[in-house]
Amino acid sequence: MSMHASTAITGIGETRYSKNSRKSVIELYLQASMAAIEDAGLSPRDIDGIIPYSNSPVVAEDLVTNFGIPDLKFSATTPLGGASPVAALQCAVAVVSAGLCRNVLVPLGRNGSSGGRIGARVQEMPQFKLIGEFEMPLGAIAPAQLYAPMATRHMQLYGTTSLQFAEVAVSTRANAIAHGNAMMSKPMTVEDHQASRMISDPLRLFDCSLESDGAAAFVLSRADEASNLRHAPVTVLGVAEGHPDSPSAITQRPDLTKLGLAKAAPRAFAMAGVTPADIDVAEIYDCFTYTVIAQLEALGFCKVGEGGPFIEGGTIRLGGKLPVNTHGGLLSQAHMAGMNHIVELVRQLRGDGGATQVAGAEVGLVTGYGDMGDGSVAILARGAA
Amino acid sequence: MNEPELSLASLKPIPAPNPDTAPYWAALREHRLTIQKCTNCGKLRHYPRPMCDACYCMEHVWSDASGHGTVYSWTETHHAFNPGFKAEVPYVLVTVDLIEGVRLNVQLRDASAHVLEIGQAVIVGFEALSPELTVPVVRLA
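Counting restarts for each chain: residues are numbered from 1 in the order of the written sequence. Both sets of labels track the order of writing: A upward for chains, 1 upward for ligands. Given that the model is predicted, a residue must reach a pLDDT of at least 70 before its local features are reported, and side-chain atom pairs must reach 80 or more before they are shown or counted; all residues, however, enter totals for whole chains, interfaces and linings.

S.K.: Explain the sheet that holds strand S3 (residues 60-64) of chain B to me, please; I cannot follow it from the model alone.
M.R.: Hydrogen bonding along the main chain pairs the strands of a sheet, whether they run parallel or antiparallel. With antiparallel pairing, the 3 strands of this open sheet are ordered in space as S2-S1-S3 (chain B). Only two strands of the sheet have a single partner each, and these edge strands are strand S2 (44-45) and S3 of chain B. At least two bridges found by DSSP between two strands are what make those strands a pair. Going along the chain from the N terminus, every DSSP run of H or I of four or more residues is numbered as a helix, and every run of E of two or more is numbered as a strand.

Right, here's the structure in full:
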C-alpha cells in the first residue's frame, strides 16, 4: 500500500455558523470536535493526535484537558493562514502513515465576526510582519487591498471581468441557500453584485468573504481503523502544499498571478493518480471571487488567463461540468478558513450532500489558500482505497 | 486639520523598525529611498532582511534608488480598514517595479486610478507623516 492510500477521513463535524456565537472559541472547538469524533464512531479518548488551527487562541493542550485524552502522541500547527486546514490534512496523513498516530483530530473554531475585525486581526499574524512594517502604515492594511492588485493585473493581462467575478458570487450564494447551514440566505443576482459597494477596486463587497463565528473539524484515521467506523470512509488519494516564490509579502511575489498552489497541484494529482478531468466536485478556497478563478487555473482545470471564460456558462454551478463550493463557501456559508470546505467535500463523497449533492460524486478536490500565496490541495475519493 | 481628524490619523499603524530595517526609515526621513545591496554578490533586495538569497551573505550596504519605476498593478481603496485612513478614502495604492528590480506598494499622488496602465512610468516622492515617519509615494513621471 502506498503511503497516501492508507488514510481516510472518518468523521466530520461543524457548528451552526453565525455573526455572534455567544460562545467561547474553546467551546466552539469542542462542539465541532465532539461532532466529528462521534461521526467517526470514536470516543475522544481514541484521539492520539491533534492539529489545531495555527491562528487561534486554542491549543492542543486545551483539547487534551477538556476531553481527558490519556495519551496524546502528536500535536502541531500548520501556520499557512487559509491554507492551514488542508496543510493540516497533509500533516495528519504523514503522521498516521508513519505509524505515529491512529486518529488525528483537526479542528478549527473562531469568533471571526463577534471577536474583532479582519483589518485588526491580520496585524497580529506573523506572516504579515513585513506588510505590517512597510505597507500598513501607507494604507495597505486588509487582505482585500492586497488581493485587489492581483485581480487588477489578471484583468489587465487577460481581460477577466467583474461579471465573471459575479458568476462566482451568484453561483456560490445559490448553493448556500440550498445547503441550509449558511450565514447568507438572501438570493443574489448579477445586478446585486454589480451594485454592491466598492471595497478596493476591482473587489466589491460581494467579492469578499464573510466574517464568521463557528467551528468545523475532521478526524483523519488509518485505513484499517476506518473499516470499523460509522460511515463509509473517504480516502485521501493525494495531498500537497506549495509556497510561492518570495512569500514574505503579497506584493513582493515576482508574478502576482502565480500561486503556491501551482506547485502543489501537480504533486497532488500525481500522488492521486488522477487528472483534473476526473474531479466530480471541487471545494475551492474563496476568500475572494477572484481567488477561485486564479486557483482553477493553478489547478490545471483551464490554462492561465482563461479562468474567467472557463467559469462562464454554468461550468461551476450545480449540474455544471465542475460544481464548485456546494456549501456556499467562505463567500456565503461562513469563513471557517476552509475547514468547512473539507467537511463539505467529505459530505459530498459520502452522498450526504442533501439539496446540493453532486450526482455520482466519486472523486473530489479541496483547496486552501493562505494570504501570502501559500496553497494546499487534497484529492479525496469515496470508499476504501 | 481639525482635531477629530488629527486624532483619527493618529490611529494609523506605525512601523516598528528593527536593526535590519531602521536604516531604511532613517534614509526616508532624509528623502532618500534606499535598497539593501549584498556586499558579496551585489544583488539588491527589498523589503529589508538579513540574508542574500543568491549567495547567503549576511553583509550588506544601503544603495540609493533612482526613484524611477513602472506600474505593475494597482487598486483604488474605498473602504477605510483602519479609522486612521477614513479622511483619505478613496486612495490609490500602486505596486511599482523600480528600475533597480525591486517592488514597492505605495500611494499614488496627483492622478486618478483611471489613467493607470501596466508599464506606465512613475517617480518616487516623499511625504512626512510625523517628525519620525516619512513614507514614499509615487507620481506619474
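Now, onward.
S.K.: Looking at this structure, how should I read the interface of chain B and chain A?
M.R.: Interfaces are frequently sized by the accessible area removed from exposure as the parts join. Contact between residues is assigned whenever the C-beta positions, reconstructed from backbone atoms, fall within 7 Å. Each partner contributes to the interface: chain B provides 29 residues, whereas chain A provides 28 residues. By residue number, the principal contributor to the side of chain B that touches chain A is strand S4 (residues 68-77) of chain B, which donates 5 residues. Of the residues contributing to the side of chain B that touches chain A, the split by class is 15 nonpolar, 10 polar and 4 charged. Note on residue classes: Ala, Val, Leu, Ile, Met, Phe, Trp, Tyr, Cys and Pro are nonpolar, Asp, Glu, Lys and Arg are charged, and everything else, Gly too, is polar.

S.K.: Would you mind showing me how to read the environment of Gly375 of chain A here?
M.R.: All names here are of chain A. Residue placement: Gly375 occurs in strand S11 (residues 375-382). We classify Gly375 as buried; it has 31 C-beta atoms within 10 Å. Sequence-wise, Gly375 and Gly308 are 67 residues apart; in three dimensions their C-alpha atoms are separated by 20 Å. The residues touching Gly375, leaving out its near neighbours within four places in the chain, are Ala83, Glu241, Gly242, Leu259, Gly260, Leu261, Ala264, Ala298, Thr367, Gly368 and Tyr369. Between the buried cut of 20 or more and the exposed cut of 12 or fewer other C-beta atoms within 10 Å of a residue's own C-beta lies the partly exposed class, and all C-beta atoms are placed from the backbone.

S.K.: Would you explain the confidence of the model for chain B in this entry?
M.R.: Close reading of the predicted structure is inappropriate where its pLDDT is low. Confidence in the prediction of chain B, expressed as mean pLDDT, is 93, and 96% of residues score 70 or more. Overall fold confidence (pTM) sits at 0.95, and the ipTM for the predicted complex is 0.94. Per residue, pLDDT captures the predictor's confidence, and it can take any value from 0 to 100.

S.K.: I'm lost on the packing of helix H7 (residues 162-179) of chain A against helix H11 (residues 289-298) of chain A in this one. Help?
M.R.: For any two helices packed against each other, one specifies the crossing angle of their axes together with the interaxial distance. Residues and elements named next belong to chain A. Close contact between H7 and H11 brings their axes to 8 Å; oriented N to C, the two are set at 100°. As far as their axial angle goes, H11 and H7 are roughly perpendicular. Contact residues: Gln164, Phe165, Val168 and Ala169 in H7; Thr289, Tyr290, Val292 and Ile293 in H11. Think of each axis as a best-fit line through the C-alpha atoms, taken over the contacting stretch in the case of a helix, with angles from 0 to 180 degrees between the N-to-C directions. Here the angle decides the label: under 35 degrees means roughly parallel, over 145 means roughly antiparallel, 65 to 115 means roughly perpendicular, and every other value means oblique.

S.K.: When you look at the pairing of strand S5 (residues 91-98) of chain B in this model, what are you seeing that I'm missing?
M.R.: In the case of a regular strand, side chains alternate between the two sheet surfaces. Residues and elements named next belong to chain B. Burial analysis of S5 places 6 of its 8 residues in the buried class, which makes it a mostly covered element. Where S4 lies against S5, 8 bridges are found, and the strand directions are antiparallel. Across the sheet, the residue bridging to Glu76 is Val92, located in S5. Alignment of S5 against strand S6 (residues 103-108), held across 5 bridges, turns out to be antiparallel. Counted as the bridge partner of Thr95 is Asn105 from S6.

S.K.: I would appreciate a short explanation of the nonpolar core in the present structure.
M.R.: Across soluble globular proteins, nonpolar side chains have a tendency to be buried as a group. Residue and element names in this part refer to chain A. Each nonpolar core consists of buried Ala, Val, Leu, Ile, Met, Phe, Trp, Tyr and Cys residues. Their C-beta atoms, within 7 Å, join them into a set. Ala92, Val104, Phe218, Ala268 and Leu380 are the most contacted members of the largest nonpolar core, which totals 149 residues. Considering every element that reaches this core, the biggest residue donor is helix H3 (residues 84-97), with 9 residues. Inspection of this core shows a minimum of three residues originating in each of domain 1 (3-115 + 213-233) and domain 2 (141-209 + 238-382). Excluding its chain neighbours within four sequence positions, the residues that come into contact with Ala92 are Gly49, Ile51, Val104, Val106 and Leu220. Here the limits of each domain have been adopted from an automatic or database domain assignment.

S.K.: What am I meant to see in unusual backbone geometry here?
M.R.: The phi angle of most residues is negative, glycine excepted, and most peptide bonds adopt the trans form. The omega angle of the peptide bond from His46 of chain B to Tyr47 of chain B is -5°, so this bond is cis rather than trans. The residue Tyr47 of chain B is located in the loop between S2 and S3 in this model. A cis amide bond, omega -5°, links Val89 of chain B with the succeeding residue Pro90 of chain B. Its place among the elements puts Pro90 of chain B in the loop between S4 and S5. Of note in the backbone geometry, Arg22 of chain A takes a positive phi value of approximately 55° without being a glycine. Relative to the helices and strands, Arg22 of chain A is located in the loop between strand S1 (7-14) and helix H1 (25-39). Using a count of 9 C-beta atoms within 10 Å as the deciding quantity, one classes Arg22 of chain A as exposed. Phi is positive for Ala337 of chain A, close to 50°, though the residue is something other than glycine. Accessibility expressed as a C-beta count within 10 Å gives 30 for Ala337 of chain A, which makes it buried.

S.K.: In this structure, what is going on with the packing of helix H6 (residues 143-158) of chain A against H11 of chain A? I would like to understand it.
M.R.: All names here are of chain A. For the pair H6 and H11, the least separation of the axes is 10 Å and the interaxial angle reads 55°. One way to sum up the angle between H6 and H11 is to call them oblique. Two packed elements cross with a definite hand, and for H6 against H11 that hand is left-handed. Across from Tyr147, Met150, Ala151 and His154 in H6, the residues of H11 making contact are Tyr290, Thr291 and Ala294. By residue class, the composition of the contact of H6 with H11 is 5 nonpolar, 2 polar and no charged. For any helix crossing, the convention is left-handed if the near helix is rotated counterclockwise from the far helix by under a right angle, and right-handed if that rotation is clockwise.

S.K.: For this particular structure, what's the right way to read the pairing of strand S8 (residues 134-140) of chain B?
M.R.: All names here are of chain B. Taken together, the 2 bridges between S6 and S8 define a ladder with parallel strand orientation. When the sheet's bridge partners are listed, Leu108 is paired in S8 with Val138. As judged from the 7 bridges shared by strand S7 (residues 121-128) and S8, these two strands associate in the antiparallel manner. Bridged to Val124 within S8 is Val138. A loop of 5 residues connects S7 with S8, the two strands running antiparallel in sequence.

S.K.: In this structure, what is going on with the domain arrangement of chain A? I would like to understand it.
M.R.: All names here are of chain A. Domain annotation of chain A identifies domain 1 (3-115 + 213-233) and domain 2 (141-209 + 238-382). A C-alpha centroid distance of 23 Å is found between domain 1 and domain 2. Taken together, the 26 residues of domain 1 in the interface contact 35 residues of domain 2. For the side of domain 1 that touches domain 2, the secondary-structure elements that each account for two or more residues are S1, H3 and strand S7 (213-222). No other element matches the 7 residues that H3 contributes to the side of domain 1 that touches domain 2. When grouped by side-chain class, the residues that make up the side of domain 1 that touches domain 2 number 15 nonpolar, 9 polar and 2 charged.

S.K.: Explain the sheet that holds strand S9 (residues 281-283) of chain A to me, please; I cannot follow it from the model alone.
M.R.: Residue and element names in this part refer to chain A. A sheet is described by the order of its strands in space; here 9 strands give the open sequence S3-S2-S4-S7-S1-S8-S11-S10-S9, paired in mixed fashion. Two strands bound the open sheet, and with one partner strand each, they are strand S3 (74-75) and S9. Relative to S7, S1 runs antiparallel, the two sharing 7 bridges. What sits directly across from Gly13, in S7, is Ala217. Here H3 sits on the sheet in contact with S1, strand S2 (49-50), S3, strand S4 (103-111), S7, strand S8 (234-242), strand S10 (363-369) and S11, set at roughly 160° to S4.

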